[in-house]
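# Chains, contacts and geometry: an overview
As a plain string of letters, each chain reads:
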Number of protein chains: 6
Amino acid sequence: MARHDGRKPTQLREWKIKRKYTRNAPGSVLITSGRTTVLCTASVDDSVPPWMKGKGKGWVTAEYNMLPGSTSPRKQRERGGKVDGRTTEIQRLIGRGVRAVVDMTALGERTITLDCDVLEADGGTRTASITGAFVALVDAVRSFASAEQAKAIIRDSVAAASVGIVEGIPVLDLDYVEDVAAHVDMNVVMTGGGKFVEVQGTGENAVFDEHELTAMLKLARGGLKELTLLQRDSLGKFWPFG
Amino acid sequence: MARHDGRKPTQLREWKIKRKYTRNAPGSVLITSGRTTVLCTASVDDSVPPWMKGKGKGWVTAEYNMLPGSTSPRKQRERGGKVDGRTTEIQRLIGRGVRAVVDMTALGERTITLDCDVLEADGGTRTASITGAFVALVDAVRSFASAEQAKAIIRDSVAAASVGIVEGIPVLDLDYVEDVAAHVDMNVVMTGGGKFVEVQGTGENAVFDEHELTAMLKLARGGLKELTLLQRDSLGKFWPFG
Amino acid sequence: MARHDGRKPTQLREWKIKRKYTRNAPGSVLITSGRTTVLCTASVDDSVPPWMKGKGKGWVTAEYNMLPGSTSPRKQRERGGKVDGRTTEIQRLIGRGVRAVVDMTALGERTITLDCDVLEADGGTRTASITGAFVALVDAVRSFASAEQAKAIIRDSVAAASVGIVEGIPVLDLDYVEDVAAHVDMNVVMTGGGKFVEVQGTGENAVFDEHELTAMLKLARGGLKELTLLQRDSLGKFWPFG
Amino acid sequence: MARHDGRKPTQLREWKIKRKYTRNAPGSVLITSGRTTVLCTASVDDSVPPWMKGKGKGWVTAEYNMLPGSTSPRKQRERGGKVDGRTTEIQRLIGRGVRAVVDMTALGERTITLDCDVLEADGGTRTASITGAFVALVDAVRSFASAEQAKAIIRDSVAAASVGIVEGIPVLDLDYVEDVAAHVDMNVVMTGGGKFVEVQGTGENAVFDEHELTAMLKLARGGLKELTLLQRDSLGKFWPFG
Amino acid sequence: MARHDGRKPTQLREWKIKRKYTRNAPGSVLITSGRTTVLCTASVDDSVPPWMKGKGKGWVTAEYNMLPGSTSPRKQRERGGKVDGRTTEIQRLIGRGVRAVVDMTALGERTITLDCDVLEADGGTRTASITGAFVALVDAVRSFASAEQAKAIIRDSVAAASVGIVEGIPVLDLDYVEDVAAHVDMNVVMTGGGKFVEVQGTGENAVFDEHELTAMLKLARGGLKELTLLQRDSLGKFWPFG
Amino acid sequence: MARHDGRKPTQLREWKIKRKYTRNAPGSVLITSGRTTVLCTASVDDSVPPWMKGKGKGWVTAEYNMLPGSTSPRKQRERGGKVDGRTTEIQRLIGRGVRAVVDMTALGERTITLDCDVLEADGGTRTASITGAFVALVDAVRSFASAEQAKAIIRDSVAAASVGIVEGIPVLDLDYVEDVAAHVDMNVVMTGGGKFVEVQGTGENAVFDEHELTAMLKLARGGLKELTLLQRDSLGKFWPFG
């Protein structure tokens, strides 16, 4: 059975990573997967939140946001004091995902903030955010650290992929149309070394069995290998892992 | 290797369910697992949110809250306009978990709100909430529906269990001490029929491999069978599934 | 004339006090009066608000909240940044009531927070809150103070009772049905020693005369003697006043 | 014993009422008592809140606010989304006080909003607010009602006075210096006909006995007679009660 | 062509300044222009915002507010956490306007807050606010500074006037009726020495040409001379500029 | 005297307009002037705000926002319920600027929202926003209107330029370094036909005279001619004005 855009079940959309997209933030990455575009910037602050002071450790945090024009119809800004539940969930996922590969003691008393602003949304914005934010993180770390130090701070790479079951078939890297049609939706965050950081499978108004879980995990693993290579190519000599 | 409270890795804490704990809400369940206590009430409103009107379907939503005295030190109330990220994540999880087993068309244009207020917290409050909220849901549905109708509205039971890896060993139903020590933490929401509704595994500042994932899923499945039986016993003749 | 539940005008509902209801807070009291149930916890923090620092004095504050399922129809949570006027009024009343019997210098630079969360509401939640919060306060004080010290910190006991005029008759301890029917509603906070701490009489859309005021105050005094005895019995040897 | 400003215990400060102080609101009263000045405006809206629609009844509500420059040091504006507890308590008191003398059915489906903005604060702002708001209410009612109709809408006049115990002596109409020194503080809202609308006596960090309560109530009654006369003089032929 | 109130195009409304209107704030000015009335108070705080500490400089800030009864229909209070855009714009304009004539180093580490509360609104509230706030500022400065010092702190006087094009004619000092009818609306803030501090010309749903701009600026200059004289008369011997 | 980047006083930075930058919004323009980059999207909604319903007219509104990574150090998101004053001022300016050239009756009952999100900030973000938003507006109008209809809806083009006095010299199109150094800062919004829509000149802690005002207006006029040509070139055959 063909996917609506002609891809094979195991096939990613076209992904591109453009580093140094803007110049005020030390890490600035424009990542696109098909028609999803996210601007990931990484800013460095030479201090840590009050509750972390004096421990000699750093902190990495993330914020996620969709620009109003990124969707049709227009999405209202989250200004009225209330960040919606989905946004909160996604930015916590990005933060945990990236923190899993950072050595906070090696980072020292610094805060790195990863801002993932979606310019155009067509499904998979959270996985694009994590995958792009990692590249921005490397550039931000290199703004104050040598290659040697960066290797100590960043223990492994990290990327994320979505998988799901659409019309009974497990497929990789769902776009918006597939996302809506999927009965099960799973996001997998994985290190370059092949370890899980996060597995989140959800059947909203539906359920799934062990067999389907296994098939989705396998698809995700394949896609994540490709995304890790893309990150490595994009960083070139700044790739911290030899 | 023994757990700090003497349990075997596959052993649940002592769980109890007390129905009709208060009388103003049609469903009111006090659920305890060890030293964790949650009051789950289910209220019925004969209308639906504006965006659902006229579709002939109902809605189930959940709210989660920890009372200030449920923890030591005291937890501040979430009154300043800002519900914290963890709370948002948990109440969305409860809502999705219970919605997965409800037939919204059979429910009709009604909203059922599940309120899970933690009276005492010692780890596992979200899994206790889901497990208790399901029982409160059944009582609330029976306040307006016959046994026959309830069976159409509620397609299956649902419960949740936590598993994790503590000092290298996969263990079931973590209390607070284990939760803090765990390198990987996973919550599994499953139907009485043995299907997954939600799988959320997280390695904050750590990672996990396929082998560990498999071991945790197996543990969860065992615990969830027991919790389903506890729900059935508690509901007695109100258990909708014959 | 009989009251709708058969009580005499001078008769309290059935009141019960259960200490150590939960274990994380040093004071934890479940108080019930008829179908009104309030969980009162008292937490101790070894610091004071910024504006009190360095004065060698302590502080006692209270928060009041109704759980959503405590009423029918369900009461919405006060999360949207706005605590409603009634809540504010009640928690200020509880705080003033309890502070009146505490010697802040003997307490030292500590803050005791009294949380009164209503699990089930059938009228009289504010008077149950004060009466229960006093008992929780004693347990919390004893968590850091000897019997001798507690006697210095807590100068007297305090309790509260509601009175009102229903169909022309002054009655004690109104439940919800009577509360709605009452033309005048009065809350009296009194010490075990028989002094007033607070007298609040209100005729919403009605007025009252001196004669009615006197009758209500007399009823309240009678009820408060009984509630003081209940507090004493419940605390047993922890009752600070010999 | 002399009061710090030379008044006798039974003596009010100098009170003045200036009607039609501004012209956009139909009722606009500048009321001063000593160095306390409050601008009370009454606005009329030909609709009622949603929950009152179609019942043929009106509504009266009040808002209270202190201008930043009314105190020294400057008081911060309540703009940050949070109205403080004292403000809430006072505006609820004003609203209840005035509603007690209004016949909502005679008023018809209209909302009258009483805004009490304190221009200068020297104690007793809530009692000045109620006393002034009543006069503004009469002017506002006369903007749409005949003398005959006004008499049906407004059943009686209402005014408020503060009393307290300062250095053991019951005194009337406390200014700021006395307010701070008082061990007991009581506000009494009373109709022109001599009935109580509200009695609020508070002993913050202190208590009071029946004898003191009686003395304070007597003082209040005396002061309120004078304030009722001042209201009548100020309204002249617009005084609704013949 | 006559203006609706009979004024000539170059004619101001009747302006009055009343100093020491209230007594708690060191500067307190009631300014009226026709039926517009603004209470401008200036409060002094012997500290500066955190971001200015230790620089030996002071700060001047302004807040603007319309009382609910100042307009018909009643204007809702800005309490719900949201200050509206117009309010923000106006209070920023007042702050910039007054800061332009203050030597922050001569002021020293103090904050002066200018509160402009509109008691009655009939157009031109922002220009009345600036013109009155300057007078309140002088009184506030003189509360801690000698005449000599005040001259060093306050470099020049400042006032503001509105101009506009109504039915093709440039007019000075628009009231509400003219404001609504104007196609172009301009506010000019100018020093006593004749220099511009701020020029804000706006054609909402309309445009204007260079010729009209020049005509409006000329009208404003004329009006501002008169307002400067009024400020000087009002301050008498406290006028800082010899 | 040379400008720090070698430009002549009358010289714009390099400006570029890229249409159709993203695809979900009908108008999507990436505008850059030197190192300032703004994404302007225009969304169309087939309804109007409640207060405009049934009048047969449309509405155009604007929102402005700086992404956190657009500045160094990182700018905090405006999520805490409070949109800062500068943001409010700018988005009101953009809205008024564009509304001045739109015929609301010809537009019909539609709302066009212009979102200006700053990706990189180096001064002049508000003028780039207006200039880019106009182009996005044209594309959005053409998504539902013929060339003929668009000409009726959009009466003229509109663009904006900043001018200022830096070290005594009037200069055009200030970047961030010049903006900080400028004693006077002026923004001019002008139609393609050469009429003013808005003139805002501000001397924060400084003043300016008539001569300087005239010089700045002349510089602005020159720059705005060039920007109008750039808009026309970018729109090509979609330029509505023949």
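Structure shown above.
Below: a short report on this structure. Predicted, not measured: the structure shown is a model, and the values here were computed from it. (Residues numbered from 1 in each chain as written. Chains lettered and ligands numbered in written order. Predicted model: local features only at pLDDT ≥ 70, side-chain atom pairs only at ≥ 80, totals over all residues. Heavy atoms only, no water.)

## Quick look at the overall build of chain A
Assigned secondary structure in chain A consists of six helices and nine strands. On C-alpha atoms alone, chain A measures out to a radius of gyration of 18 Å, which is about the 18 Å that the 2.2 N^0.38 rule sets for 242 residues. The principal-axis extent of the C-alpha atoms belonging to chain A is close to 55 × 45 × 30 Å. For chain A, with 242 residues in total, the buried portion stands at 60%. Counting contacts in chain A only where the partners sit at least 6 residues apart, residues at least 24 apart contribute 70% of the total. Element-wise, carbon and sulfur atoms account for 51% of the exposed surface of chain A, whose accessible area totals about 9,300 Å². Charged side chains in chain A number 33 positive and 30 negative. The centres of these two groups are separated by 6 Å. (Helix = DSSP H or I, 4+ residues; strand = E, 2+ residues; numbered from the N terminus. Rg over C-alpha atoms; globule rule 2.2 N^0.38 Å. Buried < 20%, exposed > 50% of the residue type's maximum accessible area, 1.4 Å probe, protein only. Contact = heavy atoms within 4.5 Å. Areas by Shrake-Rupley, 256 points an atom, 1.4 Å probe, with all protein chains shown as cover. Lys, Arg positive; Asp, Glu negative; His and termini not counted. Charge placed at Lys NZ, Arg CZ, Asp CG, Glu CD.)

## What about the packing of helix α1 (residues 85-99) of chain E against helix α3 (residues 125-142) of chain E?
All names here are of chain E. At a minimum axis distance of 10 Å, the contact between α1 and α3 shows a crossing angle of 40 degrees. Looking at the two axes, α1 sits oblique to α3. The handedness of the crossing between α1 and α3 comes out as right-handed. Side by side, α1 and α3 meet where R86, I90, L93, I94 and V98 of the first sit next to T125, R126, S129, I130, A133 and L137 of the second. Tallied by class, the residues present in the contact of α1 with α3 amount to seven nonpolar, two polar and two charged. (Axes fitted to C-alpha atoms, helices over the stretch in contact; angles between N-to-C directions. Parallel < 35°, antiparallel > 145°, perpendicular 65-115°, else oblique. Left-handed = near helix turned anticlockwise from the far one by under 90°. Nonpolar A, V, L, I, M, F, W, Y, C, P; charged D, E, K, R; others polar.)

## Side note on the interface of chain F and chain E
Between chain F and chain E, the contact holds 30 residues from the first and 30 residues from the second. Together, the buried faces of chain F and chain E total about 2,800 Å²; carbon and sulfur atoms form 50% of this surface. At the junction of chain F with chain E, the criterion picks out six salt bridges. Run the count over chain F and chain E and you get 12 residue pairs in polar contact (both at pLDDT 80 or more). Elements that contribute at least two residues to the side of chain F that touches chain E include exactly α1 (85-99), β9 (196-202) and α6 (210-235) of chain F. In the side of chain F that touches chain E, the residues fall into nine nonpolar, nine polar and 12 charged. Note that strand β9 (residues 196-202) of chain E and β9 of chain F share five bridges and pair antiparallel. Bridge assignment links V199 of chain E to a residue of β9 of chain F, and that residue is G201 of chain F. (Buried area = accessible area lost by both parts, 1.4 Å probe. Salt bridge = Lys/Arg side-chain N within 4 Å of Asp/Glu carboxyl O. Polar contact = N/O pair within 3.5 Å; in protein donor to acceptor, adjacent residues only side chain to side chain. Pairing = 2+ DSSP bridges.)

## Some thoughts on the packing of aromatic side chains
Under the counting rule described, the total for this entry stands at 24 aromatic pairs over all chains. Ring geometry for F134 of chain F versus W239 of chain F: centroids 6.4 Å apart, planes at 75 degrees, classification edge-to-face. Remark: W239 of chain F occurs in the segment after α6 and F134 of chain F occurs in helix α3 (residues 125-142); sequence separation between them is 105 residues. Relative to F241 of chain F, the ring of W239 of chain F lies with its centre 5.0 Å away and its plane at 85 degrees, an arrangement referred to as edge-to-face. You can call W239 of chain F buried: its relative accessible area is 13%. Members of the aromatic cluster, connected to one another through ring pairs, are F134, W239 and F241 of chain A. Its guanidinium or amino end placed over the ring of F196 of chain D, R221 of chain D lies 5.5 Å from that ring's centre, counting from NZ or CZ. (Phe/Tyr/Trp six-rings, centres within 6.5 Å; stacked < 30°, edge-to-face > 60°. Lys NZ or Arg CZ within 6 Å of the ring centre and 35° of its normal.)

## Some words on the state of the cysteines
If you walk through the whole model with that rule in mind, you get zero disulfides over all chains. In this model C40 of chain C remains outside any disulfide bridge; the closest cysteine sulfur is found in C116 of chain C, 4.1 Å from its own. (Disulfide = S-S within 2.5 Å.)

## Points about the relation of the copies chain F and chain E
Mapping chain F onto chain E leaves a residual RMSD of 0.0 Å; the transformation is a rotation of 180 degrees accompanied by 0.0 Å of translation along its axis. With respect to symmetry, the two chain copies, as superposed, fit the operation of a two-fold axis. No C-alpha of chain F approaches the rotation axis more nearly than that of Q200 of chain F, which lies at 2.3 Å. In this assembly the copies share their binding face: 100% of the residues contributing to the interface of chain F also contribute to that of chain E. (Least-squares fit on C-alpha atoms with pLDDT ≥ 70 in both.)

## So, the pattern of salt bridges
In total, this model carries 115 salt bridges over all chains according to the counting rule given. We note a salt bridge from R77 of chain C to D117 of chain B, for which the minimum N-O separation is 2.9 Å. Remark: D117 of chain B occurs in strand β5 (residues 111-120) and R77 of chain C occurs in the loop between β4 (59-66) and α1 (85-99); the pair is interchain, linking two chains. For D117 of chain B, a relative accessible area of 2% translates into the label buried. Note that E78 of chain C is salt-bridged to K75 of chain C, the shortest N-O span being 3.7 Å. Linked through salt bridges whose partners overlap, the residues forming this network are R3, D5, R7, R13, D122, D173 and E178 of chain A.

## Digging into unusual backbone geometry
For the bond from S72 of chain D to P73 of chain D, the omega torsion is 0 degrees, close enough to zero to count as cis. Even without being glycine, D173 of chain C reaches a positive phi, approximately 60 degrees. For D173 of chain C, the location among the structural elements is in the loop between β7 (169-172) and α5 (176-181). Even without being glycine, E167 of chain D reaches a positive phi, approximately 45 degrees. Among the secondary structure elements, E167 of chain D is positioned in the loop between β6 (158-166) and β7 (169-172). Accessibility expressed as a relative area gives 60% for E167 of chain D, which makes it exposed.

## Points about the environment of R142 of chain D
By the element assignment, R142 of chain D lies in helix α3 (residues 125-142). Spatially, the C-alpha atoms of R142 of chain D and G27 of chain D are 9.0 Å apart, while their sequence positions differ by 115 residues.

## Brief notes about the interface of chain D and chain E
Counting from both sides, the interface comprises 37 residues of chain D and, opposite them, 36 residues of chain E. When the two sides are added together, the surface that chain D and chain E hide from each other amounts to roughly 2,900 Å², 42% of it contributed by carbon and sulfur. If you sort the residues of chain D by the area they bury against chain E, N24, R74 and R79 of chain D come out on top, with a joint share of 26%. One can count 12 salt bridges joining chain D with chain E. One salt bridge connects R23 of chain E with E120 of chain D, and the closest N-O pair in it is separated by 3.1 Å.

## Things to note about helix α6 (residues 210-235) of chain E
Over its 26 residues, α6 of chain E extends 37 Å from the first C-alpha to the last, a length consistent with the 38 Å expected when each residue adds 1.5 Å. Of the residues one or two after α6 of chain E, G236 of chain E is the one with positive phi, at around 55 degrees. (Expected span 1.5 Å × (residues − 1).)

## Observations regarding the sheet that holds strand β3 (residues 36-45) of chain D
Residues and elements named next belong to chain D. Strand order in the open sheet made by the five strands is β1-β2-β3-β5-β4, with mixed pairing throughout. Across the chains shown, the open sheet's two edge strands, defined by having one partner strand only, are β1 (15-19) and β4 (59-66). For this sheet the average axis-to-axis angle between neighbouring strands, irrespective of direction, equals 15 degrees. Taken together, the five bridges between β1 and strand β2 (residues 27-33) define a ladder with antiparallel strand orientation. Bridging across to β2, K18 finds its partner in L30. Here helix α1 (residues 85-99) sits on the sheet and contacts β4 and β5 (111-120); the angle it forms with β4, its principal contact strand, is near 145 degrees.

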